[in-house]
Number of protein chains: 2
Amino acid sequence: MTATEEPKRRRGRPPSGGREAILAAALEILREQGIANLTSREVAARAGVSDASVYYHFGDRAGLIQAVFAHAMSPLELMAGLEDLDLEPAELIRRSFAALTEFFIKALPVIGAAQTDPELRASMAAYIDQNNLGPHKGVERLGGYLRAQQAAGRVRADLDPDAFALVVIDSAFAAAARRVMLGHKLELLPSSEAVLAEITRLL
Amino acid sequence: MTATEEPKRRRGRPPSGGREAILAAALEILREQGIANLTSREVAARAGVSDASVYYHFGDRAGLIQAVFAHAMSPLELMAGLEDLDLEPAELIRRSFAALTEFFIKALPVIGAAQTDPELRASMAAYIDQNNLGPHKGVERLGGYLRAQQAAGRVRADLDPDAFALVVIDSAFAAAARRVMLGHKLELLPSSEAVLAEITRLL
DNA sequence: GTCTATAGGTTGATAGAC
DNA sequence: GTCTATCAACCTATAGAC
């Protein structure tokens, strides 16, 4: 009996596959309770499977955590298709900023969790490198777009496209980090809109 | 006998007080190996004291970790006296950026470690709030300086001082986070000098 | 593929002598 | 204040039945 009478006790739809359920449960625990509480027991209980099932699917704890990394970062088509919309440069920057912030809010707890252990950090850095997820990719993309706009005369000619791109990315990163780490006690800070209004003056 | 024959087996000067030795050892372990490996046993071994001594001084593990937070963040006189030097605004921004980056590099492993557990995160957020260490303090300070410079006509009058201050702080934060989290694989990114050159155009 | 049961190890924390 | 000794709890991982 897998669990036909027990309603799997999670809020979302109960994924039929045990492996998926474990991954989803692990990601939830990681985000809500931190990696310190990401034990095989907790994961198994929340996923509605047994403890041993976790080890059957992922080998060991490190394997599970790595799988969670991949699972959390893969649905990442950042800024996809934005360039094709022929938007005002300032508007494209705003939308990119929003997409980046959303991505970082999801990814940060996972990235941060990897910092708790040297092995995990190395494994995570390797993963980011392998899958071309590092910040240079964003700089490349946004910077490339800005260079094209410069060629078209829609952006100030002596703007440093890569430096500007990095400023946008870093602002989104920091905004996400504040929300994740300090909770919601940020009313005293300038809004993202105000920050973007200031940044986009550089264009 | 505290430890006159045993040379305390750490590299720095051997602090006579056991409490200080424990704090120093804990901070080292936290930075080098992450909070997951911050056990009472490891700390005691590195500090050259016994396991129970840790509990005598700090009550429990959470107490030790909180003490480490305070110990790691207290020597923080950020941007102190910079305003008095009567520098060019752009130069003051550069120096503030450097000071902020240095601070974040030291503080980030500690702040990040607190994210691994909800209780620790709450306790850390409370500590930051209590000791007025949040980002709004930096915004207040840098923003206030910029307002004064605006009044003196040395900075563009329609600059949003707080938004600009936040951009500077966020760039420093992100630069520090990259160095801490991704190691030293950042040659492809624009330098901080290039970023600052771009940002300070807004002044 | 999923379960129960358990071995084996590590940790947080306490008791009590010195 | 510091130590040794120890406990109870928890965790990872495996073995073997279904």
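What counts, and where the lines are drawn
Starting afresh in each chain, residues are numbered from 1 along the sequence in its written order. A letter from A marks each chain and a number from 1 marks each ligand, given out in the order of writing. The model is predicted, so local features are restricted to residues of pLDDT at least 70 and side-chain atom pairs to those at 80 or more, both for listing and for counting; the totals for chains, interfaces and linings are taken over all residues. Side-chain measures were taken over the full set of non-hydrogen atoms in the model, leaving aside hydrogen atoms and water. Each helix is a run of DSSP H or I of at least 4 residues and each strand a run of E of at least 2, with the numbering of both proceeding from the N terminus. The classification of residues rests on relative accessible area computed with a 1.4 Å probe and restricted to protein chains. Under 20% of the type maximum is buried, over 50% is exposed, and intermediate values are partly exposed. The near set for a molecule or strand comprises every residue that places at least one heavy atom within 4 Å of it. What qualifies as a polar contact is a pair of N or O atoms within 3.5 Å, subject to a donor-acceptor requirement within protein and to the restriction that residues adjacent in sequence count only when both atoms come from side chains. Contacts are assigned to residue pairs with any non-hydrogen atoms lying within 4.5 Å of each other. Criterion for a salt bridge: a side-chain nitrogen of Lys or Arg within 4 Å of a carboxyl oxygen of Asp or Glu. Every axis corresponds to a line fitted to the C-alpha atoms, with the helix fit spanning only the stretch in contact, and the corresponding angles, defined between N-to-C directions, vary from 0 to 180 degrees. Throughout, the term roughly parallel applies to angles under 35 degrees, roughly antiparallel to angles over 145, roughly perpendicular to angles from 65 to 115, and oblique to all others. Should the near helix be turned anticlockwise from the far one by less than a right angle, the crossing is left-handed, and should it be turned clockwise, the crossing is right-handed. The nonpolar class holds Ala, Val, Leu, Ile, Met, Phe, Trp, Tyr, Cys and Pro. Asp, Glu, Lys and Arg form the charged class, and all remaining residues, Gly among them, are polar. Buried area is calculated as the accessible area (1.4 Å probe) missing from two parts once they are joined, with the contributions of both summed.

**A few points about the overall build of chain A**
1) Next: When helices and strands are counted, chain A shows 9 helices and 0 strands.
2) Next: For chain A, the α and β elements follow one another from N to C terminus as α-α-α-α-α-α-α-α-α.
3) Next: The 203 residues of chain A split such that 47% are buried.

**Some remarks on the protein's contact with DNA strand D**
1) Next: As a matter of local geometry, DNA strand D sits amid 18 residues, with Arg 41, Tyr 55 and Arg 61 of chain A together with Ser 50 and His 57 of chain B nearest to it.
2) Next: If you look at DNA strand D and keep only atoms within 4 Å of the protein, 52% of those are sugar or phosphate atoms.
3) Next: With respect to DNA strand D, the side chain of Ser 40 of chain A contributes an N or O atom lying 2.8 Å from a phosphate oxygen.
4) Next: Between DNA strand D and Ser 50 of chain B, the relevant distance is 2.6 Å, taken from a phosphate oxygen to a main-chain nitrogen or oxygen of the residue.

**What to know about the side chain of Thr 200 of chain B**
Residues and elements named next belong to chain B.
1) Next: Residue placement: Thr 200 occurs in the segment after helix 9 (192-199).
2) Next: Here Leu 196 takes part through its backbone oxygen, which lies 2.7 Å from a polar atom of the side chain of Thr 200.
3) Next: The residues touching Thr 200, leaving out its near neighbours within four places in the chain, are Ala 90 and Ile 93.

**Considerations on the pattern of salt bridges**
1) Next: Under the defined criterion, the tally for this structure stands at 24 salt bridges over all chains.
2) Next: When the shortest N-O distance is used, the salt bridge between Asp 86 of chain A and Arg 154 of chain A registers 3.2 Å. On the criterion of sequence distance, the pair formed by Asp 86 of chain A in the loop between helix 4 (61-73) and helix 5 (89-113) and Arg 154 of chain A in the loop between helix 7 (135-151) and helix 8 (161-182) is long-range, its members being 68 residues apart.
3) Next: Judged by relative accessible area, Asp 86 of chain A falls into the exposed class, the value being 60%.
4) Next: Between Arg 156 of chain B and Glu 198 of chain A there is a salt bridge, with its nearest N and O atoms 3.1 Å apart. Here Glu 198 of chain A lies in helix 9 (residues 192-199) and Arg 156 of chain B lies in the loop between helix 7 (135-151) and helix 8 (161-182), a pairing that spans two chains.

**Quick notes on the packing of helix 7 of chain B against helix 8 of chain B**
All names here are of chain B.
1) Next: Here helix 7 crosses helix 8 at 130°, and the two axes come no closer than 8 Å. In terms of axis orientation, helix 7 runs oblique to helix 8. Two packed elements cross with a definite hand, and for helix 7 against helix 8 that hand is right-handed. In this structure, helix 7 uses Pro 135, Gly 138, Val 139, Leu 142, Gly 143, Leu 146, Arg 147 and Gln 150 to contact helix 8, whose residues at the interface are Pro 161, Asp 162, Phe 164, Ala 165, Leu 166, Val 168 and Ile 169.
2) Next: Taken together, the residues of the contact of helix 7 with helix 8 break down into 10 nonpolar, 3 polar and 2 charged.

**Looking at the protein's contact with DNA strand C**
1) Next: Near DNA strand C lie 16 residues; those nearest to it are Ser 50 and His 57 of chain A together with Ser 40, Tyr 55 and Arg 61 of chain B.
2) Next: Backbone atoms, meaning sugar and phosphate, make up 51% of the atoms of DNA strand C lying within 4 Å of the protein.
3) Next: Take Asp 51 of chain B: an N or O atom from its side chain is 3.3 Å from a base nitrogen of DNA strand C.
4) Next: Arg 61 of chain B is positioned with one of its backbone polar atoms (N or O) 2.7 Å from a phosphate oxygen of DNA strand C.
5) Next: For the surface near DNA strand C, the secondary structure elements donating two or more residues are helix 3 (51-58) of chain A together with helix 2 (40-47) and helix 3 (51-58) of chain B.
6) Next: With 4 residues, the top contributor of residues to the surface near DNA strand C is helix 3 of chain A.
7) Next: Each residue belonging to the surface near DNA strand C can be placed in one class, and the counts come to 5 nonpolar, 7 polar and 4 charged.

**Some points on the interface of chain A and chain B**
1) Next: At the junction of the two partners, chain A supplies 46 residues and chain B supplies 47 residues.
2) Next: A combined buried area of about 4,000 Å² lies between chain A and chain B, and 66% of that area is made up of carbon and sulfur atoms.
3) Next: Contact with chain B buries area across many residues of chain A, yet Thr 116, Met 181 and Glu 198 of chain A alone supply 15% of it, more than any other trio.
4) Next: Inspection of the region where chain A meets chain B yields 6 salt bridges.
5) Next: For Asp 158 of chain B, the salt bridge identified is with Arg 201 of chain A, shortest N-O distance 3.1 Å.
6) Next: Between chain A and chain B we count 8 residue pairs in polar contact (both at pLDDT 80 or more) in total.
7) Next: Counting only elements with at least two residues in the side of chain A that touches chain B, the list comes to helix 1 (18-33), helix 6 (118-130), helix 7, helix 8 and helix 9 of chain A.
8) Next: A total of 13 residues in the side of chain A that touches chain B trace back to one element, the largest contributor, which is helix 8 of chain A.
9) Next: Looking at the side of chain A that touches chain B, its residues break down into 25 nonpolar, 7 polar and 14 charged.

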